[in-house]
Amino acid sequence: MPQQTAHDTILELRRVSKDFATQRAVADVSLEIPRGAFFSLLGPSGCGKTTILRMVAGFETPTTGEVWLNRQRIDSLPPYRRNVNTVFQSYALFPHLSVQGNVEFGLRHKKGTDDIKRVLDVLKQVHLEAKASRKPSELSGGERQRVALARAIVLEPDVLLLDEPLSALDPQLRKQVRVELRDLQRRVGVTFLFVTHDQEEALSMSDQIAVMNGGALEQVGTPREIYAQPRSRFVADFLGAMNWIDGIGVRPEAVSICPEGRKAVVTGVTYLGSFCHIAMTLTEGGELIAAQVPPGSTLQSGQTVCVTWNSVDEIHV
Ligand code: ADP
Ligand code: MG
């Protein structure tokens, strides 16, 4: 095997499109995914995320374009000849098998002498060695997900494909599992291609994010880049709340309420725990939302205030 550098490309899509009978699901997408990265595809429902994963896994064939994995062209290989693995939303664990049995099942095509040791190593990596003999029904939602991950990584895939894996969990657990999943990916070092429609999820977990819209790529960058320097109105709006004033974007958290600035009338104050949303109408016309830390905002509807923001926080698209 040739020596690999830390930042080489493990998975590449070259001008990939996918047409179904009545529509183009993926439109001319080119992507380079670095080895070892936590890479997310982010976009609204129906934008083509799952279709991309299915083309990488081999469950769909691109209409045009090429898929390369580890410097080998794979787009016409059957799924079992591609060294990728998928973690589905539903985890698809076997209820009658133990945790260890479920993970061993992942090795069914690759029986070797080191199997047991390998399974135990992976269980350790996902912090489930103490629960190896439990059944899935005796685990929490987060633990079940770790079994699904262990079963996928025991085969040492080049890329692990994860299609909205957190959407089955309740909101409280989701936030906790985000951190766990991110740490696990770092520890194990497997490249993740992670699909989500949740911008917070993508921002908090990813090394890089590809934002999709209507089958096409809008922007690829680090979480900070796509949040702070969106290149289109779509990306700016999809990544979080945005005020548009004279064609310039300003995030609610960048808006200050202070003694001087543009005049506005408060139209609503919403308490959200860690911050408040202040809705306002600018005297010059237009709506504006500010996000403020609660103790500071004793504002009331009908009150006239002044608003300002730093020009460095303006987003021009
Ligand atoms: P996402 O995962 O981002 O929600 P999908 O990749 O599942 O989006 O779907 C993209 C578009 O392609 C959608 O409009 C969907 O209805 C369509 N689509 C997906 N799979 C098929 C299929 N097998 N046949 C026809 N249309 C499909
Ligand atoms: Mg999908």
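Everything numeric here is computed off the predicted structure, so don't read it as measured data. (Residues numbered from 1 in each chain as written. Chains lettered and ligands numbered in written order. Predicted model: local features only at pLDDT ≥ 70, side-chain atom pairs only at ≥ 80, totals over all residues. Heavy atoms only, no water.)

Visitor: I tried to follow the overall build of the protein on my own but got confused; where do I start?
Guide: Check the secondary structure of the protein and you find eight helices and 16 strands. Overall size of the protein, expressed as C-alpha extent along the three principal axes, is 75 × 45 × 40 Å. Restricting the contact set of the protein to residue pairs at least 6 apart, pairs at least 24 apart contribute 62%. Carbon and sulfur atoms make up 51% of the accessible area of the protein, which totals about 15,700 Å². Computed over 35 positive and 36 negative side-chain charges, the inter-centroid distance for the protein is 6 Å. (Helix = DSSP H or I, 4+ residues; strand = E, 2+ residues; numbered from the N terminus. Contact = heavy atoms within 4.5 Å. Areas by Shrake-Rupley, 256 points an atom, 1.4 Å probe, with all protein chains shown as cover. Lys, Arg positive; Asp, Glu negative; His and termini not counted. Charge placed at Lys NZ, Arg CZ, Asp CG, Glu CD.)

Visitor: For this particular structure, what's the right way to read the nonpolar core?
Guide: Counting residues in hydrophobic clusters, the biggest one holds 34 residues, and the most contacted among them are Leu149, Leu160 and Phe192. Mapped onto this core, the elements with two or more residues apiece are α2 (99-105), α3 (115-125), α4 (141-153), β7 (159-163), α5 (171-188) and β8 (191-196). Of the residues forming this core, the biggest block, six residues, is contributed by α4. Beyond its immediate sequence surroundings of up to four residues, Leu149 is in contact with Val87, Leu160, Leu162, Leu181, Leu184 and Phe192. In terms of nonpolar packing, the next biggest core, distinct from the first, is built from 27 residues, Val26, Val29, Val84 and Leu193 among them. (Core = buried A, V, L, I, M, F, W, Y, C linked by side-chain atoms within 4.5 Å. Buried < 20%, exposed > 50% of the residue type's maximum accessible area, 1.4 Å probe, protein only.)

Visitor: Is there a simple way to explain the packing of aromatic side chains in this structure?
Guide: Centre distance and the angle of the planes are the two values used to describe a pair of aromatic rings. Throughout the structure, instances matching the rule amount to four aromatic pairs. Where Phe38 meets Phe192, the ring centres are 5.3 Å apart and the plane angle is 50 degrees; that geometry is what we call tilted. Taken together, the residues span a long stretch of sequence, with Phe38 in strand β3 (residues 38-42) and Phe192 in strand β8 at a distance of 154 residues. Here Phe38 and Phe192 have matching classes, each one buried. Arranged with centres 5.3 Å apart and planes meeting at 50 degrees, the rings of Phe38 and Phe194 form a pair that is tilted. Residue Phe38 is found in strand β3, and its partner Phe194 is found in strand β8; the two are separated by 156 residues along the sequence. For Phe38, a relative accessible area of 0% translates into the label buried. An aromatic cluster is defined as three or more aromatic residues linked by ring pairs; in this entry it consists of Phe38, Phe192 and Phe194. Geometry around Trp244 places Arg233 over its ring, the cationic atom sitting 4.0 Å from the centre. Above the face of the Tyr227 ring, Arg251 is positioned so that its terminal group lies 4.0 Å from the ring centre. (Phe/Tyr/Trp six-rings, centres within 6.5 Å; stacked < 30°, edge-to-face > 60°. Lys NZ or Arg CZ within 6 Å of the ring centre and 35° of its normal.)

Visitor: I would appreciate a short explanation of the environment of Val317 in the present structure.
Guide: Assignment of secondary structure puts Val317 in the segment after β16 (304-308). On the basis of relative accessible area, Val317 is assigned to the partly exposed category, the value being 47%. Taking the C-alpha atoms as reference points, Val317 and Phe234, 83 residues apart in sequence, are found 9.7 Å from one another. Ignoring any residue separated from it by four or fewer positions in sequence, one finds Val317 in contact with Pro230, Arg231, Ser232, Arg233 and Trp244.

Visitor: What's the story with the site of ligand 1 in this structure? I'm lost.
Guide: Around ligand 1 lies a shell formed by Phe20, Gln23, Ala25, Pro44, Ser45, Gly46, Cys47, Gly48, Lys49, Thr50 and Thr51. One of the backbone N or O atoms of Gly46 is found 2.6 Å from an oxygen atom in ligand 1. In the model, an oxygen atom of ligand 1 is placed 3.2 Å from a nitrogen or oxygen of the Cys47 main chain. Within the complex, the protein chains bury 61% of what would otherwise be the 560 Å² of accessible surface of ligand 1. By residue number, the principal contributor to the shell around ligand 1 is helix α1 (residues 49-57), which donates three residues. For the shell around ligand 1, the per-class residue count stands at four nonpolar, six polar and one charged. (Near = heavy atom within 4 Å. Polar contact = N/O pair within 3.5 Å; in protein donor to acceptor, adjacent residues only side chain to side chain. Nonpolar A, V, L, I, M, F, W, Y, C, P; charged D, E, K, R; others polar.)

Visitor: So what exactly am I meant to see when it comes to the sheet that holds strand β5 (residues 72-73) here?
Guide: The strands making up a sheet associate through backbone hydrogen bonding, with each pair oriented either parallel or antiparallel. Taken together, the four strands give an open sheet; going across it, the order is β2-β1-β4-β5, and neighbouring strands pair in antiparallel fashion. Of all strands in the sheet, those bounded by a partner on one side alone are β2 (24-34) and β5. Examined bridge by bridge, strand β4 (residues 64-69) and β5 share two bridges and lie antiparallel to one another. Paired with Leu69 across the two strands is Gln72, which belongs to β5. Along the sheet, α1 makes contact with β1 (9-19), β2 and β4, crossing β1 at roughly 115 degrees. (Pairing = 2+ DSSP bridges. Axes fitted to C-alpha atoms, helices over the stretch in contact; angles between N-to-C directions.)

Visitor: For this particular structure, what's the right way to read the pairing of β7?
Guide: Strand residues, when the strand is regular, have side chains that alternate between the two faces of the sheet. By the criterion of burial, β7 is predominantly enclosed, with five of the five residues buried. Burial of β7 is two-sided: the residues Val159, Leu161 and Asp163 facing one way and the residues Leu160 and Leu162 facing the other way are all buried. Two elements, strand β6 (residues 84-87) and β7, share four bridges in a ladder whose sense is parallel. Residue pairing for β7: Thr86 is matched across the bridge by Leu161. With five bridges joining them, β7 and β8 adopt parallel strand pairing. If you follow Leu160 over to β8, its bridge partner there is Phe192.

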